[in-house]
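# Architecture and fold: a report
Read off the chains here:
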Amino acid sequence: MDTTVLAGLTGNIATVGYGLAAIGPGIGIGVLVGKTVEGQARQPEMAGRLQTTMFLGIAFTEALALIGFAAGFVFS
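What comes next concerns the included structure. Remember, predicted model here, so these are calculated numbers, not experimental data.

## Describing the overall build of the protein
Counting secondary structure elements, the protein contains two helices and zero strands. The proportion of buried residues among the 76 residues of the protein is 13%. Summed over its atoms, the accessible surface of the protein is roughly 5600 Å², and 73% of this surface lies on carbon and sulfur atoms.

Take a look at the structure:
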């Protein structure tokens, strides 16, 4: 196989890999925000604490997305 074709395939596979890696954090953030809204609806007095915990959870989940993005560069 020609090396330019192989390099093109490697780049395309890394792009698809990051797309797949972004699905998990996207679903995780959706579930996290949904459950926080549900918790705030059930106990409005806890809204501040729930929101703080939600933002921490979003930060950790986004860190997974960034790791997936960096892994695409490291392994390609």
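Read on, since the account is not over.
## With respect to the side chain of Thr36
Its place among the elements puts Thr36 in helix α1 (residues 3-42). When residues no more than four places from it in sequence are discounted, the contact partners of Thr36 are Leu50, Gln51 and Met54.

## Examining the side chain of Thr61
Assignment of secondary structure puts Thr61 in helix α2 (residues 47-74). Residue contacts for Thr61: discarding those within four places in its chain leaves Pro25 and Ile29.

## Looking at the pattern of salt bridges
Following the criterion strictly, the structure yields two salt bridges and no others. Residue Glu38 pairs with Lys35 through a salt bridge whose shortest N-O separation is 3.8 Å. Separated by three residues within a single helix, Glu38 and Lys35 lie in helix α1, roughly one turn from each other. In this structure, Arg42 engages Glu38 in a salt bridge whose closest nitrogen and oxygen atoms are separated by 3.4 Å. Of this pair, Arg42 and Glu38 both sit in helix α1, four residues apart, roughly one helical turn. On the accessibility criterion, Glu38 (35% relative accessible area) is partly exposed.

Reading the values: the criteria
Residues numbered from 1 in each chain as written. Predicted model: local features only at pLDDT ≥ 70, side-chain atom pairs only at ≥ 80, totals over all residues. Heavy atoms only, no water. Helix = DSSP H or I, 4+ residues; strand = E, 2+ residues; numbered from the N terminus. Buried < 20%, exposed > 50% of the residue type's maximum accessible area, 1.4 Å probe, protein only. Areas by Shrake-Rupley, 256 points an atom, 1.4 Å probe, with all protein chains shown as cover. Contact = heavy atoms within 4.5 Å. Salt bridge = Lys/Arg side-chain N within 4 Å of Asp/Glu carboxyl O.

Shape is all these values report; function is a separate question.
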